[in-house]
Amino acid sequence: MTSPPLIEFRQVSKIYGRGEAAIRALDAVDLSIGTHEFVAIMGPSGSGKSTAMNILGCLDVPTAGDYLFQGISTQGFDRAQLTMLRRHMLGFVFQGFNLLPRTSAVENVELPLIYRGMHGGERHRLAKEALGLVGLSGREHHKTQELSGGQQQRVAIARAIVTRPSLLLADEPTGNLDTRTSVEIMDLMTRLNREQGITVVMVTHEPDIAAYAQRLLRFVDGRLETDGADGGKAEHVLRDA
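The text that follows walks through the structure, step by step, so that each part is easy to find. Quick caveat, the model's predicted, so the values are computed rather than measured.

1. Thoughts on the overall build of the chain
Across its full length, the chain carries eight helices and 10 strands. Over its C-alpha atoms, taken along the principal directions, the chain stretches across nearly 50 × 45 × 45 Å. Burial statistics for the chain: of 241 residues in total, 47% are counted as buried. Of the contacts made within the chain by residues no fewer than 6 positions apart, 70% connect residues no fewer than 24 positions apart. Total accessible area on the chain stands at roughly 11800 Å², and carbon and sulfur atoms take up 49% of it. Seen as two clouds, the 26 positive and the 28 negative side-chain charges of the chain have centres 6 Å apart.

2. Some remarks on the pairing of strand β9 (residues 215-220)
Both strand β3 (residues 38-42) and β9 contribute to a ladder of four bridges, which runs parallel. Following the sheet pairing, Val-39 is matched in β9 by Arg-215. Strand direction decides the pairing type here: β9 and strand β10 (residues 223-228), joined by five bridges, are antiparallel. Paired with Phe-219 across the bridge in β10 is Leu-224. Hairpin connection of β9 to β10: two residues between the antiparallel strands, including Asp-221 at a positive phi of 50°.

3. A look at the sheet that holds strand β5 (residues 72-73)
One open sheet accounts for four strands, arranged β2-β1-β4-β5; its pairing is antiparallel. One side of each edge strand has no neighbouring strand; the edge strands of this open sheet are β2 (23-33) and β5. Running at roughly 120° to strand β1 (residues 7-16), helix α1 (residues 49-56) makes contact with β1, β2 and β4 (64-69) of the sheet.

4. What about the pattern of salt bridges?
For the structure shown, the criterion picks out 12 salt bridges. A salt bridge links Arg-180 to Glu-184, with the nearest nitrogen and oxygen atoms 2.7 Å apart. In this pair, Arg-180 and Glu-184 both sit in helix α6 (residues 179-196), four residues apart, roughly one turn of the helix. Here Arg-180 falls in the exposed class, since its relative accessible area comes to 57%. Among the residues examined, Glu-184 registers a relative accessible area of 31% and is labelled partly exposed. One salt bridge in this structure joins Glu-195 and Arg-191, with 3.9 Å as the shortest N-O distance. You can see Glu-195 and its partner Arg-191 sitting in helix α6, four residues apart, about one turn around the helix. You can call Glu-195 exposed: its relative accessible area is 58%. The partly exposed category is assigned to Arg-191, whose relative accessible area is 34%.

5. Quick look at the environment of Arg-86
Secondary-structure assignment places Arg-86 in helix α2 (residues 79-89). Between the C-alpha atom of Arg-86 and that of Gln-75, which follows or precedes it by 11 residues, the distance is 15 Å. Not counting chain neighbours up to four residues away, the residues in contact with Arg-86 comprise Gly-57, Cys-58, Leu-59 and Phe-92.

About the thresholds
Residues numbered from 1 in each chain as written. Predicted model: local features only at pLDDT ≥ 70, side-chain atom pairs only at ≥ 80, totals over all residues. Heavy atoms only, no water. Helix = DSSP H or I, 4+ residues; strand = E, 2+ residues; numbered from the N terminus. Buried < 20%, exposed > 50% of the residue type's maximum accessible area, 1.4 Å probe, protein only. Contact = heavy atoms within 4.5 Å. Areas by Shrake-Rupley, 256 points an atom, 1.4 Å probe, with all protein chains shown as cover. Lys, Arg positive; Asp, Glu negative; His and termini not counted. Charge placed at Lys NZ, Arg CZ, Asp CG, Glu CD. Pairing = 2+ DSSP bridges. Axes fitted to C-alpha atoms, helices over the stretch in contact; angles between N-to-C directions. Salt bridge = Lys/Arg side-chain N within 4 Å of Asp/Glu carboxyl O.

That's the geometry; what it means functionally is another story.
The structure is reproduced here in structure tokens:
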């Protein structure tokens, strides 16, 4: 028997507002993403890509349809259950890094482990290990303001993977970085996907960044318009666009 997809949308819709003011941000979307995939999501403003990411990250819930994680329906999950799913199975990387100022790299990375109630020694060891994976060994005690933009994003990625999540969600992870640093960050995320087996779903508006993914999902007007499901196909399409 084949294993179920890691994440799956079944006819997922999201509607904001009511009556004539209602906005259908997602319209009966079906999609599935398997374990160890690296998927990019693109689309114009208002296409539904951010809404899809919010639902994938359990930050929002569908108005209709079902979101399944590891084959289990999240329909009817209460706030506490969604929080537990986020805390134990998901990692988040944002455009703005979202690091605590005047706090060391290792203290930033330890934060998700504090929420888990892990004791200090084990917490510190895992945080240092995560910083090593992103190439920041020796900079554990540097404060946020002492790090470059690329280093800050590496700290943010270390914080996202320190809990060893099944799914890493990245929202415009290179949006605040220059071209050279963006390449470094995308090489890092590709390595984490291939070597650590972390499933990556990334929103981006940049075709050259999306080309790092194995697969491209393009949203338009709340619908999944195209799905480049073959490995390398998305890169070929984007580079020839």
